[in-house]
Structure formats: structure tokens, C-alpha cells
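Descriptive analysis of the structure
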Amino acid sequence: MRAIDHHAWTNRWRDWHPVEKGLPAIGLLTLTLILPPLTTAPLVLAGVMLTTVYGAGIPWKTLLSVLAAPATFLLAGIPFLAISIDFTSGFALTFSPEGFQLALQTMIRALAAMSCLAFLILTMPLTDGVLLLRRMGVPAGIIELILLIYRLIFVFAERALTGRQAQAGRLGYSRLDRSVRSLGLLGGNLFQRALEQARRLEMGLMARGYTGELRVLTPRWKLSWMRLAVGVAGVSLTGLASSWLARGLL
Amino acid sequence: MNEPLLAVRDLEYVYPGGVAALRGLDLRIEQGRKLAILGSNGSGKTTLLLHLNGLCKPTRGEIRLEGQPVSYDHRALNDWRRRVGLILQEPDDQLFAATVSQDVSFGPLNLGLSNADARERVREALEALRILHLADRATHTLSFGQKKRVAIAGVLAMRPEILVLDEPTAGLDSHGVTHLLGALEQLHEAGATLVFSTHDVELAYAWADDVAVFHDGVVLRQGETVAMLSDRELLRRARLRCPLLLEVAEALGVEVSAASPFRSREALLVLLQERCAGQG
Ligand SMILES: Nc1ncnc2c1ncn2[C@@H]1O[C@H](COP(=O)(O)OP(=O)(O)O)[C@@H](O)[C@H]1O
Ligand SMILES: [Mg+2]
């Protein structure tokens, strides 16, 4: 979470207009979902990963670790699709080629789709994405809430970490039963402090004229038609190449 | 005597739990001066500051802004809070937006300024605290000292006449303190009236024009810094120590007064060198 957030705020494309990143990513995601997966998904996966690493400057390690979790789940699922259990004559496990094909398709398609999302979360801070939502007409109250929660998550994460360290320093995690107890205490304590924090934050905001609305300046992005055009061209080319490949193979 | 900019009379405040944090105190905030509210931990400093811009409503007593008793209706409060800017001790209690410039823009937008004007105010406030380079940083990636400066900028962007700071140097390293005091000194020279709370007698001695010695919910005495801090009996009652520089000056037989202050370590070193040269 910390690493993702760090790169989202500091990557090479940080200052680009969210649309320049969002439109191609969503375009590729759509292609992945509607075109035949065996030709489209590998193209999308490779294209997005190379763009993320060599374009936006995200390290391979971070990108792969973001993709690793869903990939593990997908891998674990393959056997269930590729192997069928037959109860007609007692009990038999049979390998089904169609099942395997389906499993492979599902896996590569899901992975390609994940890579599009990974690109977005690694190159665009949550706050930019949310502002994009605002321009799409999501009510201001919901946007304010999301942004406030985003900010508070980090405040509480810090508290939780120092609290845990303080407990560990007094051997609160030296045995399983103590760990359970310590975690419970920490949780209860954090909840109380969250309420206290909310009360004081409200005072801090009132001191600056808060009357129930959290209005702030939105960043002034400049949409680069050039970059947008390149992105859209990339998506179109991927779509064309994949259709062409599909015709050749099938 | 002139009417002070902000005057507090017979202020009493009892927390809902029954703790009497302020017990009938008087305070004067004079135009263009630096006032330290000096008291030990738990003496009620934070509670007092929350009254100075109407965040707490006193149980008893009166607050006057330029001679006019304040009122607590919505419009009066807004005007009051625009004129008296309060900076809380913990910057995380004040910063809520994702980026620095967004957070600083909150106050100006609440004043009803246009986006362009608000943007200008943000730039001006960040520049005053010398943190323009942090404008597009994510709030949660800042160091404590940087957060503290952003919190001050957020209030400064509303151009208050009085800047009230709760323990401004708490938690900062010595470099952070120097940086912060430098920026505040500049604001003061530009005409801002400063009020800050502290438990640090050295800080109050080095930096304040006036000191209000605070103990257990009352101001024991308020007056010019040297006069207050060389009053041993007063300091003893407030459970505070005499500042080191003043003790040294006394031991060396140096006359210290408001007119001839002896306030910095540089002044001390110069004096010691003179004395040593005289003996040698
Ligand atoms: N929210 C609160 N509820 C009840 N009592 C409080 C609250 N905040 C502070 N107090 C009490 O009021 C007294 C003064 O506190 P405070 O103003 O924070 O002092 P200082 O800032 O000088 O350390 C203390 O005894 C403290 O326990
Ligand atoms: Mg305090």
C-alpha cells in the first residue's frame, strides 16, 4: 500500500492529465474483455507492463509484486477448471483439454485486465482518480468523504504502527495469546483515538471557517492532445493487431 | 491605556466532564507584539487558545475584539476566525486534504474568494513559510516539521491580524525551530500580532516581547518579558524555572532590562570573551 502510493505520487507521469492515463487504460481493459483472449491478452499484458516500467518509470519489482497476489489466486484456480471429476463409474479424475483451454484463457485475460488496473493505481494517486469521478458528475459529498478517508488512513496507519511497536517493545507479541490480547487492546485504543481525532480535526477545520463543506482548489491539469492521441493510437493498434492475429490463427 | 486588540476578562471554562480548566483569567493581546503564554503542562494553555477564536464558548467571562464584546452567532464567528487565526499543536488535527496546496486553499475558499485569488493566497502563504517547493506534495509524505509549516500556511492564507500558535516548537529539532521562528519573525515584522503558548521558559525569554505567566487556569501576571521572568517568586508559584541566560547574567552581575536585553547565546559568548580578555 505504502509502495503503491509512493509511486503514484512520484512517477514520471505524475503530472499528466488523468484522462491521458485513464482513457488508454480503460480502452485496453475493454479490448481485453471483448476480444478473443489468447491473442489480445498477451499483447495487452506486455504492452501495459512495458509502458508502466519504461514509460512511467515504475520499478519491475513493484509492478510484479502488485500483480503477484491476483496471479497466485488465478494459478490456484487452474486445476479446478482443467480437471474434471467424474462420478459415473465410481470416482475418476480426468484431464479435460477444453477445461484447460478455458482455464488458460480466463487466467491470461484476468491477468491482462489486472495489469491495466495496476498501471492506473501505480501512476495516478487516488486523489486524481477521484477528481476524475467528480468531473464525471459524482456528488461532491461522496468525493469529499473518499478524500478525507484517504488522508485519515495514513494518520491511523501511523498510529497503529507506533502503537504496535510500543506493545512489541513491552513483549506484547511474544506469545500467541498475548498477541491476540495486544491486538484487541490496540484496536480498541485506535477506535477511541479515531473518534478523538475526528473531534479535533473538526475544530482545526472550524478555525479555518469550516461550515460543512470541504472545498479545495483542484489541480490545473493541461490536457495534452498529443499524448492522448498517442494513447488512443496505441489502444487501436493493439485492437487491430489482435484481430489480425486471431484471423491468422483460427 | 489603549484598548488592546483582543481582551479576555474573568474567563472561566469547565469541560463537560467537570474539569475546571480556566478559572477566571484576564489576558490582553496588544497590537503588533509577540506574546508568550507560559505555563507548565496541563495548566490550561490549549483550552485558553481555543477561546481566542471562539472554538470554545466560555462558561463565564467576556472576550472583546477591538473593544467590542464578541458574539457567537454564525456571521460574527466567521469574521472573528478570519481575524484571529489559530494553529493547533498537532498538524494532523488540521491538515485534511491530500496535497499541500489543496489544503492551504481551504481557508481562502471559505472566505469566498475566487479560485484565482485563492491560488494567489496559497502561493503567498507557502512563500512566506519558505515551502513553495512542497506545493504539490502529498500531505502524508511530509515530515513533522514540514506538516507544521503547512498547517501555519493554511491559516496564514486567510491573512489573519492575530496569529495564535499552540506550542509551535514542540516536536521540532533545533534546525526546525530556527527555521520556523525565522519565518514567524518575518511575519511579525510585516505587522502580524503573534500569540503563542509554550512551557519552554528559554523560548519565551529569547523570543517574546511580553509574557503571560499561567498556572492552573489563571494568568498569575502579564507584562514585559524580562520583568516577568526575573521575578523568582512568580516563577516559583507557576512551577517554572528561571531562564538559563538570565541566571548567568545575574551571576555575572550584568544588568538586564527590557531596554538592554541579553537574550541570545551570541550575546552570552561575547560577554564571556570580554570578561576572559579582561582577566587575561
Ligand atoms: N477534551 C477535554 N475534556 C476534559 N478535560 C480536558 C479536555 N482537554 C483538556 N482537559 C483538561 O483541562 C486541563 C487543561 O488542559 P490543556 O488546556 O490541554 O492544558 P495545556 O495545554 O496547558 O497542557 C487539563 O487538566 C486537562 O486534563
Ligand atoms: Mg496544550
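Residues numbered from 1 in each chain as written. Chains lettered and ligands numbered in written order. Predicted model: local features only at pLDDT ≥ 70, side-chain atom pairs only at ≥ 80, totals over all residues. Heavy atoms only, no water.

We now examine the overall build of chain A. Of the regular secondary structure elements, chain A holds nine helices and two strands. Relative to the 2.2 N^0.38 estimate, which gives 18 Å for 250 residues, the radius of gyration of chain A is 24 Å and therefore markedly larger than a compact globule would have. By principal-axis analysis of the C-alpha atoms, chain A measures approximately 70 × 60 × 30 Å. Evaluated residue by residue, chain A yields a buried proportion of 39% over its 250 residues. For chain A, restricting intrachain contacts to residue pairs at least 6 apart in sequence, the fraction spanning at least 24 positions comes to 72%. As displayed, chain A has an accessible area near 14,500 Å², and 71% of this comes from carbon and sulfur atoms. (Helix = DSSP H or I, 4+ residues; strand = E, 2+ residues; numbered from the N terminus. Rg over C-alpha atoms; globule rule 2.2 N^0.38 Å. Buried < 20%, exposed > 50% of the residue type's maximum accessible area, 1.4 Å probe, protein only. Contact = heavy atoms within 4.5 Å. Areas by Shrake-Rupley, 256 points an atom, 1.4 Å probe, with all protein chains shown as cover.)

So, on to the domain arrangement of chain A. One frequent convention defines the size of an interface as the accessible area lost when the parts assemble. Residues and elements named next belong to chain A. Under the domain assignment used here, chain A contains domain 1 (2-134 + 223-249) and domain 2 (139-207). Of note, the centres of domain 1 and domain 2, computed from C-alpha atoms alone, are 34 Å apart. Counting residues at the interface gives eight residues for domain 1, matched by six residues for domain 2. Applying the counting rule to domain 1 against domain 2 returns zero salt bridges. There are two residue pairs in polar contact (both at pLDDT 80 or more) connecting domain 1 and domain 2. Elements supplying a minimum of two residues to the side of domain 1 that touches domain 2: helix 1 (2-10) and helix 6 (126-135). Per-element accounting of the side of domain 1 that touches domain 2 gives the leading share, five residues, to helix 6. Tallied by class, residues from the side of domain 1 that touches domain 2 come to four nonpolar, one polar and three charged. (Domains from an automatic or database assignment. Salt bridge = Lys/Arg side-chain N within 4 Å of Asp/Glu carboxyl O. Polar contact = N/O pair within 3.5 Å; in protein donor to acceptor, adjacent residues only side chain to side chain. Nonpolar A, V, L, I, M, F, W, Y, C, P; charged D, E, K, R; others polar.)

What follows covers a nonpolar patch on the surface. A surface patch of nonpolar side chains, about 940 Å² in accessible area, is lined by Leu38, Ile83, Ile85, Phe87, Phe91, Leu93, Phe95, Phe100 and Leu104 of chain A. Looking at the nonpolar patch, the elements with two or more residues in it are strand 1 (83-86), strand 2 (92-95) and helix 5 (97-123) of chain A. (Patch = residues over 30% accessible without salt bridge, like charges linked within 9 Å, V, L, I, M, F, W, Y side chains within 5 Å.)

It is worth spelling out the interface of chain B and chain A at this point. Across the boundary between the two partners, chain B contributes 37 residues, which contact 30 residues of chain A. Summed over both partners, the interface of chain B with chain A comes to about 3,100 Å²; 59% of that surface belongs to carbon and sulfur atoms. Among the residues of chain B in contact with chain A, Phe96, Arg119 and His140 of chain B are the three that bury the most area, contributing 23% of the side total. Linking chain B with chain A are three salt bridges. One salt bridge connects aspartate 93 of chain B with arginine 200 of chain A, and the closest N-O pair in it is separated by 3.2 Å. Our enumeration of links across chain B and chain A arrives at 13 residue pairs in polar contact (both at pLDDT 80 or more). Mapped by element, the contributors of at least two residues to the side of chain B that touches chain A are helix 2 (74-83), helix 3 (100-110), helix 4 (115-128) and helix 5 (144-156) of chain B. The element best represented in the side of chain B that touches chain A is helix 3 of chain B, accounting for eight residues. Here the residues of the side of chain B that touches chain A sort into 17 nonpolar, 13 polar and seven charged. (Buried area = accessible area lost by both parts, 1.4 Å probe.)

Turning to the sheet that holds strand 10 (residues 218-224) of chain B, a few remarks are in order. All names here are of chain B. The mixed open sheet is built from six strands, whose spatial order is 6-7-8-3-9-10. Each edge of the sheet is formed by a strand with only one pairing partner; in this case those strands are strand 6 (84-87) and strand 10. For this sheet, the mean angle separating the axes of adjacent strands, direction not counted, is 15°. The sheet strands contacting helix 2 are strand 6 and strand 7 (162-166), and the helix crosses strand 6 at an angle near 70°. (Pairing = 2+ DSSP bridges. Axes fitted to C-alpha atoms, helices over the stretch in contact; angles between N-to-C directions.)

Residue and element names in this part refer to chain B. Here we have four strands laid out as an open sheet, ordered 2-1-4-5, and antiparallel in their pairing. For this open sheet the edge positions go to strand 2 (20-29) and strand 5 (68-69), each flanked by a neighbour on one side alone. Across the sheet, helix 1 (residues 45-52) touches strand 1 (6-14), strand 2 and strand 4 (60-65), and the angle it forms with strand 2 is around 55°.

With that settled, the discussion passes to the site of ligand 1. Taken together, Arg199 of chain A together with Tyr15, Val19, Ala21, Ser40, Asn41, Gly42, Ser43, Gly44, Lys45, Thr46 and Thr47 of chain B make up the full set of residues adjacent to ligand 1. Take tyrosine 15 of chain B: an N or O atom from its side chain is 3.4 Å from a nitrogen atom of ligand 1. Here an oxygen atom of ligand 1 sits 2.7 Å away from a polar atom, N or O, in the main chain of glycine 42 of chain B. Out of a free accessible area of 560 Å², ligand 1 has 63% covered by protein chains. A total of three residues in the shell around ligand 1 trace back to one element, the largest contributor, which is helix 1 of chain B. Across the shell around ligand 1, the residue classes tally to three nonpolar, seven polar and two charged. (Near = heavy atom within 4 Å.)

Residues and elements named next belong to chain B. The element strand 9 (residues 210-215) is largely enclosed, with a buried count of six among its six residues. Where burial is concerned, the two faces of strand 9 agree: the one with Asp210, Ala212 and Phe214 and the one with Val211, Val213 and His215 are both buried. Pairing of strand 3 (residues 34-38) with strand 9, which is carried by four bridges, proceeds in the parallel orientation. Residue pairing for strand 9: alanine 36 is matched across the bridge by valine 211. Both strand 9 and strand 10 contribute to a ladder of six bridges, which runs antiparallel. The partner of valine 211 across the bridge, within strand 10, is glycine 223. Between the antiparallel neighbours strand 9 and strand 10 lie two residues, among them aspartate 216 with a positive phi of about 55°.

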